[in-house]
Amino acid sequence: MDNTTIALKQLKQHGYRVTKQRESMVDYLGRNQHRYTAVTILDRYMRTQFPGVSHDTIYRNVKSFIEMGILESRMQDDQIVVKLQCDFQHPHHHHFICTNCGKVIELKMCPLNYFEDQVPGAKIQSHNFELYGLCADCQKRANSLKEANA
């Protein structure tokens, strides 16, 4: 079962109707699931598909989707960016994010245990861990450009 199908199933399980607007939002994010999308871009897309839909409705749905675990969110350049949950079986995970193309790769390990050992007696209440750099494709392109210019 793909992530868009799982996301729509999650909506129903949380008592939400799967409207055309919600389905379109999930579909759009599913087609872009390997990158974060600014909520303003999602809002613009949704308003082109459904001209009568309000900003409030879109933002309210985004907030609900985040709370349900359908969307992952983070701050980027003072704005909220979202992506479809990449692993519904393991919602707690971390990412490598390409600083060139924006590609997101799920990391399979959480480093929290390493850090807990460094703060004995403390109670960690939350954490966020992301790696940034060039993905393999962007690194290959960068190397090719260097070789071509050498």
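Residues numbered from 1 in each chain as written. Predicted model: local features only at pLDDT ≥ 70, side-chain atom pairs only at ≥ 80, totals over all residues. Heavy atoms only, no water.

Caption draft 1: Examining the UniProt feature "binding site: Fe cation" (unreviewed entry) in the protein more closely. When the UniProt feature table is mapped to this numbering, "binding site: Fe cation" (unreviewed entry) covers His-92 and His-127. The largest pairwise C-alpha distance within this set of annotated residues, which runs over 36 residues, is 10.4 Å, so the set is compact in three dimensions. The topology assignment puts His-92 in the loop between strand 3 (79-84) and strand 4 (94-98). Aside from chain neighbours lying at most four places away, what touches His-92 is Cys-110 and His-127. For His-127, the location among the structural elements is in the loop between helix 5 (112-116) and strand 6 (130-133). On the basis of relative accessibility, which here comes to 30%, the residue His-127 falls in the partly exposed class. Those residues in contact with His-127 that sit more than four places away from it in its chain are His-92, His-94, Cys-110 and Leu-112. (UniProt positions renumbered as here; feature names shortened; annotations may be inferred. Helix = DSSP H or I, 4+ residues; strand = E, 2+ residues; numbered from the N terminus. Contact = heavy atoms within 4.5 Å. Buried < 20%, exposed > 50% of the residue type's maximum accessible area, 1.4 Å probe, protein only.)

Caption draft 2: Up close: the environment of Thr-5. Relative to the assigned elements, Thr-5 resides in helix 1 (residues 3-13). For Thr-5, a relative accessible area of 38% translates into the label partly exposed. For the pair Thr-5 and Glu-23, spaced 18 residues apart in sequence, the C-alpha to C-alpha distance is 9.6 Å.

Caption draft 3: Structural view of the packing of aromatic side chains. Taken as a whole and assessed by the stated rule, the structure comprises two aromatic pairs. Judged by centre distance (5.1 Å) and plane angle (80 degrees), the rings of Tyr-114 and Phe-115 are edge-to-face. On the accessibility criterion, Phe-115 (38% relative accessible area) is partly exposed. Seen from the ring of Tyr-36, Arg-74 lies directly overhead, with NZ or CZ sitting 4.9 Å from the centre. (Phe/Tyr/Trp six-rings, centres within 6.5 Å; stacked < 30°, edge-to-face > 60°. Lys NZ or Arg CZ within 6 Å of the ring centre and 35° of its normal.)

Caption draft 4: Local environment of the packing of helix 2 (residues 20-31) against helix 4 (residues 55-68). Two elements in contact, helix 2 and helix 4, have axes whose closest approach is 11 Å; the angle formed by their N-to-C orientations is 65 degrees. Relative to helix 4, helix 2 is oriented so that their crossing is right-handed. On the side of helix 2, the interface is formed by Arg-22, Met-25 and Val-26, while helix 4 contributes Ile-58, Asn-61, Val-62 and Phe-65. (Axes fitted to C-alpha atoms, helices over the stretch in contact; angles between N-to-C directions. Left-handed = near helix turned anticlockwise from the far one by under 90°.)

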